[in-house]
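# Survey of secondary and tertiary structure
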Amino acid sequence: MSKRKLNFDTLQIHVGQKVDLQNGSTAVPIYQTSAFRFDTFDDAKAVSAYEKFGYNYTRFRNPTQTAFENRIAALEGGTAALSTSSGMAAITYSLLNILSQGDEIIAADTLYAGTHTTFSNLFSNMGIKTHFVNPNNIEDFKKYINEKTKAIYAESIGNPGINIIDIEALSKLANDNQIPLIIDNTFATPYLFNPIKYGANIVVHSATKFIGGHGSTIGGVIVEGGNFNWAESGKFPGFTNPVCNESSYYDAYKDTAFITKARSQLMGTLGATLSPFNAFMLLQGVETLSLRMKKHVFNAQKIAEFLDASDKVSWVNYPGLKSSKYYELGKKYFPKGPGSILTFGLKGGLDNIKKFIDNLEIFSLVTNIGDIKSLVVHPATTTHVELSEEEQLLAGVTPDLIRMSVGIEDIDDLIFDLEQSLNKLNYIK
Ligand SMILES: *Cc1c(COP(=O)(O)O)cnc(C)c1O
């Protein structure tokens, strides 16, 4: 093809797919195989030593995964990607690829609950300390930077705060201190936002959400920005020390060193591999990502405005509303719309919350987000139930908070559903 730089809508459908010379398959084939045969002895040796690109065993690499990885890397503007069996595996690997005992990370305190638990329990048991800070205040991250700091971690749109990070300021702080910035971009998707463009070094996704899009498949992906110098600070020996008396990951792979190391060391040992079938399912999702996201953000804006006008609702938190304290950051970083997750407070206590949720007909009560179907959840009694009341409040989970993941159904039907359920509630001043 000519040298044209292709746009998102074309990339999401084509990039990463190779022409199937054998049969001409138009869809990316599912390579449902555990292992791959080599043509020759020398071939086996070269592929096993990573001297030649090739496939040997699906835990390390599989052509259906490769198509998905290359597609997400292109959509995020990264140099390489590694698919994983879940978003949590992507998050855990992205950090274990850097950290060892005695290291520290600084993380936003508004995080997906599973991520918070991984940092505060698993990592802490491994001798890795996490400083949780208020992400609205970039200066707070600065306070904890020291010799042991190996990563800064945040979500581009936080959960459940729906808070937008001032990523330019945060990546400047990280880069000035030669610390990699890792961003969970799940709520934003590569269509609405590209963290690498603003200086993030590693991006992680729960592909389970909008990328797959249909609520059918668990998966994750790590994307490398290729924009971090692992040698300069001398703080990352795992990247600069020779491996098996050969050259180091950074010397040998430069701007794909992070993904190469994660694939060989973490996928090789911990093995949270994305199945070829699930890679195929996620590819199906990606092909319509931009179309779905346009409808998701359109519906979310309308619903935020509807709830904002209801006298049964005490507050609505959506960066697309002028009243949101993230409105300006949203306009700057999310010109296509700040996602389709919103939270709101329902008046009248737990009784009304229960009634409201149980009377919904189109919205389902589901502890998930990013489905084409509209979902609601009451975090204090579900997703965040394991946190103490104090921890819940710190994470922004108030007792009256309802989280909504707005789907792509007809907007009038969705509003009808909300209205009929709100109308069944007692009048509250
Ligand atoms: C769901 C989610 C995860 C975890 O992903 P899984 O695919 O469920 O393992 C991580 N971060 C965010 C922001 C999420 O929404």
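Being a predicted model, the structure only gives us computed values, none of them experimental.

Core analysis: the biggest nonpolar cluster contains 115 residues, and Phe 68, Ile 303, Leu 307, Phe 344, Phe 356 and Met 404 have the highest contact counts within it. For this core, the element with the highest residue contribution is helix α13 (residues 289-308), accounting for eight residues. Both of domain 1 (8-286) and domain 2 (290-422) provide at least three residues apiece to this core. Excluding anything up to four places from it in sequence, Met 404 contacts Ile 303, Leu 307, Ser 340, Ile 341, Leu 342, Phe 344, Phe 363, Leu 375, Val 376 and Leu 418.

Right, let's talk about the layout of surface pockets for a bit. As a volume, the largest pocket reaches approximately 570 Å³. Looking at the largest pocket, it is lined by 17 residues, and the ones nearest its centre are Lys 18, Val 19, Tyr 31, Tyr 55 and Pro 63. Taken together, the residues that form the lining of the largest pocket break down as nine nonpolar, six polar and two charged.

Under the criterion given, the structure shown has ten salt bridges. Asp 39 is the partner of Arg 37 in a salt bridge, and the nearest nitrogen-oxygen pair spans 3.7 Å. When sorted by exposure, Arg 37 lands in the same class as Asp 39, which is exposed. One salt bridge in this structure joins Lys 150 and Asp 103, with 2.9 Å as the shortest N-O distance. Taken as a pair, Lys 150 in strand β4 (residues 149-155) and Asp 103 in the loop between α4 (87-96) and β2 (104-108) lie far apart in primary sequence, 47 residues in all. Both residues of the pair, Lys 150 and Asp 103, belong to the buried class.

All right, on to the sheet that holds strand β1 (residues 80-84) then. Either a parallel or an antiparallel arrangement is found when strands of a sheet pair, and the pairing is made through backbone hydrogen bonds. Strand order across the open sheet formed by seven strands is β1-β7-β6-β5-β4-β2-β3, with mixed pairing between neighbours. Both edges of this open sheet fall to β1 and β3 (129-133), since each of them pairs with a single strand only. Along the sheet, successive strands turn relative to each other by an average axial angle of 20°, direction set aside. In this sheet, strand β6 (residues 202-206) lies alongside strand β5 (residues 181-184) in parallel orientation, the contact comprising three bridges. Bridge pairing in β6 links Asp 184 to Val 204. Lying on the sheet, helix α3 (residues 63-76) is in contact with β1, β6 and β7 (220-224); it crosses β1 at an angle near 130°. Helix-sheet contacts for α4 involve β1, β2, β4, β5, β6 and β7, and the interaxial angle to β6 is about 160°.

The next thing to look at is the packing of α4 against helix α5 (residues 113-125). Viewed as axis vectors pointing N to C, α4 and α5 meet at an angle of 45°, and their least axial separation amounts to 10 Å. Taken together, the axis directions place α4 and α5 in an arrangement best described as oblique. Our pair here, α4 against α5, has a crossing hand that is right-handed. Across the interface between the two elements, Met 88, Ile 91, Thr 92, Leu 95 and Leu 96 from α4 touch Gly 114, Thr 115, Thr 118, Phe 119, Leu 122 and Phe 123 from α5. The residue inventory of the contact of α4 with α5, partitioned by class, reads seven nonpolar, four polar and no charged.

With that settled, the discussion passes to the packing of aromatic side chains. Counted according to the given criterion, the structure contains 17 aromatic pairs. Plain terms: the ring middles of Trp 230 and Phe 258 are 5.6 Å apart, the flat faces sit at 20° to each other, and that makes the pair stacked. You can see Trp 230 sitting in the loop between β7 and α9 (237-240) and its partner Phe 258 sitting in helix α11 (residues 257-269), a full 28 residues away along the chain. Given a relative accessible area of 2%, Trp 230 falls into the buried group. Three or more aromatic residues link up through ring pairs in this structure, and these residues are Phe 228, Trp 230, Phe 236, Phe 239 and Phe 258. The side chain of Lys 254 reaches across the aromatic face of Tyr 250, ending 4.7 Å from its centre.

Next up on the list: the packing of α3 against helix α12 (residues 276-286). One way to put it is that α3 packs onto α12 with a least axis distance of 8 Å and a crossing angle of 35°. Remark: the crossing between α3 and α12 carries left-handed chirality. Together, Thr 64, Gln 65, Ala 67, Phe 68, Arg 71, Ile 72 and Leu 75 of α3 and Pro 276, Ala 279, Phe 280, Leu 282, Leu 283 and Val 286 of α12 make up the contact between the two elements. Its residues assigned to classes, the contact of α3 with α12 comprises ten nonpolar, two polar and one charged.

Another point: the site of the ligand. Taken together, 13 residues lie near the ligand, and Gly 87, Asp 184, Ser 206, Thr 208 and Lys 209 sit nearest. The contact in question runs from an oxygen atom of the ligand to an N or O atom on the backbone of Met 88, over 2.9 Å. Between an oxygen atom of the ligand and a side-chain N or O atom of Lys 209, the distance comes to 2.7 Å. Relative to its free-state accessible area of 380 Å², the ligand is covered by the protein chains to the extent of 92%. Per-element tally for the shell around the ligand: the top contributor is α4, with three residues. For the shell around the ligand, the per-class residue count stands at four nonpolar, six polar and three charged.

With that out of the way, let us pick up the side chain of His 131. Along the polypeptide, His 131 turns up in strand β3. Engagement of the side chain of His 131 in a polar contact is seen with the side chain of Glu 104, the distance being 2.9 Å.

Moving on to the domain arrangement of the protein. Along its sequence, the protein is carved into domain 1 (8-286) and domain 2 (290-422). Taking only C-alpha atoms into account, the centre of domain 1 sits 29 Å from that of domain 2. Each partner contributes residues to the interface: domain 1 has 34 residues there, and domain 2 has 33 residues. Here domain 1 and domain 2 share an interface that buries about 3100 Å² over both sides, 61% of which is from carbon and sulfur atoms. Between domain 1 and domain 2 we count two salt bridges in total. For the pair domain 1 and domain 2, the number of links is 13 residue pairs in polar contact (both at pLDDT 80 or more).

Reading guide: rules and limits
Residues numbered from 1 in each chain as written. Predicted model: local features only at pLDDT ≥ 70, side-chain atom pairs only at ≥ 80, totals over all residues. Heavy atoms only, no water. Core = buried A, V, L, I, M, F, W, Y, C linked by side-chain atoms within 4.5 Å. Buried < 20%, exposed > 50% of the residue type's maximum accessible area, 1.4 Å probe, protein only. Helix = DSSP H or I, 4+ residues; strand = E, 2+ residues; numbered from the N terminus. Domains from an automatic or database assignment. Contact = heavy atoms within 4.5 Å. 1 Å grid on protein atoms, 1.4 Å probe; cavity = no way out; pocket = protein on both sides within 12 Å on 5 of 7 lines; lining within 4 Å. Points joined across faces, edges and corners; volume = space filled by probe spheres on them. Nonpolar A, V, L, I, M, F, W, Y, C, P; charged D, E, K, R; others polar. Salt bridge = Lys/Arg side-chain N within 4 Å of Asp/Glu carboxyl O. Pairing = 2+ DSSP bridges. Axes fitted to C-alpha atoms, helices over the stretch in contact; angles between N-to-C directions. Parallel < 35°, antiparallel > 145°, perpendicular 65-115°, else oblique. Left-handed = near helix turned anticlockwise from the far one by under 90°. Phe/Tyr/Trp six-rings, centres within 6.5 Å; stacked < 30°, edge-to-face > 60°. Lys NZ or Arg CZ within 6 Å of the ring centre and 35° of its normal. Near = heavy atom within 4 Å. Polar contact = N/O pair within 3.5 Å; in protein donor to acceptor, adjacent residues only side chain to side chain. Areas by Shrake-Rupley, 256 points an atom, 1.4 Å probe, with all protein chains shown as cover. Buried area = accessible area lost by both parts, 1.4 Å probe.

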